[in-house]
Amino acid sequence: MRRAATILVIAIVIGASYAALSYYWISPTEKFAPPREVTIEKGESFRQIARALADAGVVRSEIALRVYGRMSRTASQIKPGDYAFKGDERIPDVIRHLVKGDFIVVTVTIPEGLTVHEIAERVASTGLVCEDEFENAARDGEIVRALGLMPLGAEGYLFPATYKFSPHAKTNDVLAAMLARFYQVLTPKVEERMFDQGLDARRLVTMASIVEKEAKAPDERPLIAGVFYNRLRLNMPLQSDPTAEYQLDGAKESAASAVHTTSAFNTYDFTGLPPGPIANPGLKSIEAALYPTQTDFLYFVAREGGTHVFSKSYDEHRHVIALERKDPVGKPPAAR
């Protein structure tokens, strides 16, 4: 009789345990509409994570989640981030998301050659930040001031790349990520080359930005850089249309008109580099500014298809222009 009672108790315990396991561990939760978001902070304990998930209703039991995490040895593999759970998942499913790092990200792709104004527009289009707030921070914010980038701000230093941000990222988070990617490019080898070339970071990115805006064919970048360095060496104005077209507020003006408009960046009006970058160059243009082609060319003119014809003399250059296109009367393009 006593043995039968013991067996019955064991059976009840096993049955209750299985029922609890099925309910808390195996059975999925209901579907959520909208998804429920949970943020896992870096350094949080598994106990804290389990409590947050249980409080959000993502799992039915904090204790069941903690038991599963310990038994599966996954508790220490969870990645911090912002997660969105749609429901209808079991505890193993939830843990799988946390271990894989399936957190919510906002992806922003910054192509080569955009200005700060254009980058602000692009980042704002994702809903991450306010356009004006980002542009103001990039022009005159605490980060650019701390990095010594004044008075022109972060123009030229926002590295073109694909970035992934938390949906809760702030303006300075986005700005810092782009600046950090740029400074990663300035390796000891690059800094040594800059020293050999007589360049500081601003002169490097200024030249690279002009190359970026001029070069349509990637393999022409070093040659275009070589032409501009030759003109600098000979104290000739660069006469680069993109410098004349550049405006801080992002206003657009045709090259034909812009070359006749006086500005601090219009290299038709003075010799030397403009006071700062006219865009944010990519790695290939930075490399071209560091390693220009050694050449005797002093001029180039664009032809259909985006490539250029390079010339050593002004007469040769004018002859090429006559063959390639008919230019309006006015300042002849010297570097285009």
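Remember, predicted model here, so these are calculated numbers, not experimental data.

Which parts of the structure should I look at to understand the layout of surface pockets?
Over the atoms rolls a probe the size of a water molecule, and its path tells where empty space is left. Looking at the largest pocket, its volume works out to about 340 Å³. If you trace the largest pocket, you find 16 residues lining it, with Glu118, Lys213, Glu245, Tyr246 and Lys252 closest to the centre. Mapped onto the lining of the largest pocket, the elements with two or more residues apiece are α5 (116-125) and α12 (241-245). Sort the elements by how many residues they give to the lining of the largest pocket and α5 lands first, with 3 residues. Residues belonging to the lining of the largest pocket are distributed by class as follows: 4 nonpolar, 4 polar and 8 charged.

Teacher, can you tell me more about the packing of aromatic side chains here?
One pair of aromatic rings is described through two measures. These are the centre distance and the angle between the planes. One pass over the full model with this rule turns up 11 aromatic pairs. Between the aromatic rings of tyrosine 83 and phenylalanine 103, the centroid separation amounts to 5.8 Å while the plane-to-plane angle is 85°, which identifies the pairing as edge-to-face. With tyrosine 83 in strand β2 (residues 81-87) and phenylalanine 103 in the loop between α4 (91-100) and β3 (106-109), this residue pair connects regions lying 20 residues apart in the sequence. Judged by relative accessible area, which is 32%, phenylalanine 103 ranks as partly exposed. The interplanar angle of 80° and the centroid separation of 5.0 Å between the aromatic rings of tyrosine 157 and phenylalanine 182 together place this pair among those described as edge-to-face. One end of the pair, tyrosine 157, is in the loop between α7 (142-146) and β4 (162-165); the other, phenylalanine 182, is in helix α8 (residues 171-185), and 25 residues separate them in sequence. The class of phenylalanine 182 is buried, set by a relative accessible area of 1%. One aromatic cluster is present, built from ring pairs that chain together Phe228, Phe297, Phe300 and Phe310. Lying over the aromatic face of phenylalanine 32, arginine 36 brings its terminal NZ or CZ to 3.9 Å of the ring centre.

Even after reading the chapter, I still don't get helix α11 (residues 221-233), so can you show me in this structure?
The α-helix winds at 3.6 residues per turn, so residues separated by three or four positions along the chain end up facing the same way. Its 13 residues place the ends of α11 18 Å apart at the C-alpha level, agreeing with the 18 Å of an ideal helix rising 1.5 Å per residue. The element α11 is largely enclosed, with a buried count of 10 among its 13 residues. Among the residues making up α11, those that are buried are Arg221, Leu223, Ile224, Ala225, Gly226, Val227, Phe228, Tyr229, Asn230 and Arg231. If you follow the buried residues of α11, they end up packed against α10 (201-214), α14 (283-290), β5 (299-302) and β6 (308-311). In the stretch just after α11, asparagine 235 is the one whose phi turns positive, near 60°.

Just checking my understanding: could you explain the confidence of the model for the protein for this structure?
A low pLDDT score tells you not to read the predicted coordinates there in detail. In this model, the protein carries an average pLDDT of 88, and 89% of its residues clear a pLDDT of 70 or more. Below pLDDT 50 for its whole length, residues 7-19 participates in 0 contacts with residues either more than four positions away or in separate chains. For the stretch residues 328-334, pLDDT sits under 50, and the model shows 22 contacts to residues farther than four places along the chain or on other chains.

Just checking my understanding: could you explain the nonpolar core for this structure?
Side chains of nonpolar character tend, in soluble globular proteins, to be buried together. One finds Val123, Leu128, Phe134, Leu158, Val174 and Met178 to be the most contacted residues of the largest nonpolar core, which totals 57 residues. Apart from the residues within four sequence positions on either side, methionine 178 is in contact with Ile110, Ile119, Val123, Phe134, Tyr157, Leu158, Phe159 and Tyr163. Ranked by size, the runner-up nonpolar core spans 22 residues in total, among them Ala50, Val58, Val59 and Leu98.

Looking at this structure, how should I read α5?
When we look at burial in α5, the residues that qualify are Val116, His117, Ile119, Ala120 and Val123. Seen from one end, α5 has its buried residues packed into an arc of 160°, which puts them on one side. Residues of α5 that are buried make contact with β3, α6 (131-140) and α8. Positive backbone phi, approximately 85°, marks glycine 127, located one or two places after α5.

I'm lost on the pairing of β6 in this one. Help?
Across the two faces of β6 the burial is the same, with His308 and Phe310 and Val309 and Ser311 all buried. As judged from the 4 bridges shared by β5 and β6, these two strands associate in the antiparallel manner. Note on β6: the bridge partner recorded for valine 301 is valine 309.

Any chance you could explain the packing of α6 against α8 here in plain terms?
Helix-helix packing: each pair is described by the crossing angle between the helix axes and the interaxial distance. Here α6 crosses α8 at 50°, and the two axes come no closer than 10 Å. With respect to α8, the axis of α6 lies oblique. As for how α6 packs across α8, the hand of that crossing is right-handed. Taken together, the residues of α8 that come into contact with α6 (itself represented by Glu133, Phe134, Ala137 and Ala138) are Thr171, Asn172, Val174, Leu175 and Met178. Considering only residue class, the contact of α6 with α8 consists of 6 nonpolar, 2 polar and 1 charged.

Teacher, can you tell me more about the environment of glutamine 77 here?
Within the fold, glutamine 77 resides in the loop between α3 (62-71) and β2. On the basis of relative accessible area, glutamine 77 is assigned to the partly exposed category, the value being 38%. When near neighbours in sequence (up to four residues on either side) are disregarded, glutamine 77 contacts Leu98 and Val99. A distance of 2.8 Å separates a polar side-chain atom of glutamine 77 from the backbone oxygen of arginine 73.

Cut-offs applied
Residues numbered from 1 in each chain as written. Predicted model: local features only at pLDDT ≥ 70, side-chain atom pairs only at ≥ 80, totals over all residues. Heavy atoms only, no water. 1 Å grid on protein atoms, 1.4 Å probe; cavity = no way out; pocket = protein on both sides within 12 Å on 5 of 7 lines; lining within 4 Å. Points joined across faces, edges and corners; volume = space filled by probe spheres on them. Helix = DSSP H or I, 4+ residues; strand = E, 2+ residues; numbered from the N terminus. Nonpolar A, V, L, I, M, F, W, Y, C, P; charged D, E, K, R; others polar. Phe/Tyr/Trp six-rings, centres within 6.5 Å; stacked < 30°, edge-to-face > 60°. Buried < 20%, exposed > 50% of the residue type's maximum accessible area, 1.4 Å probe, protein only. Lys NZ or Arg CZ within 6 Å of the ring centre and 35° of its normal. Expected span 1.5 Å × (residues − 1). Contact = heavy atoms within 4.5 Å. pLDDT = per-residue confidence, 0-100. Core = buried A, V, L, I, M, F, W, Y, C linked by side-chain atoms within 4.5 Å. Arc of directions from axis to C-beta. Pairing = 2+ DSSP bridges. Axes fitted to C-alpha atoms, helices over the stretch in contact; angles between N-to-C directions. Parallel < 35°, antiparallel > 145°, perpendicular 65-115°, else oblique. Left-handed = near helix turned anticlockwise from the far one by under 90°. Polar contact = N/O pair within 3.5 Å; in protein donor to acceptor, adjacent residues only side chain to side chain.

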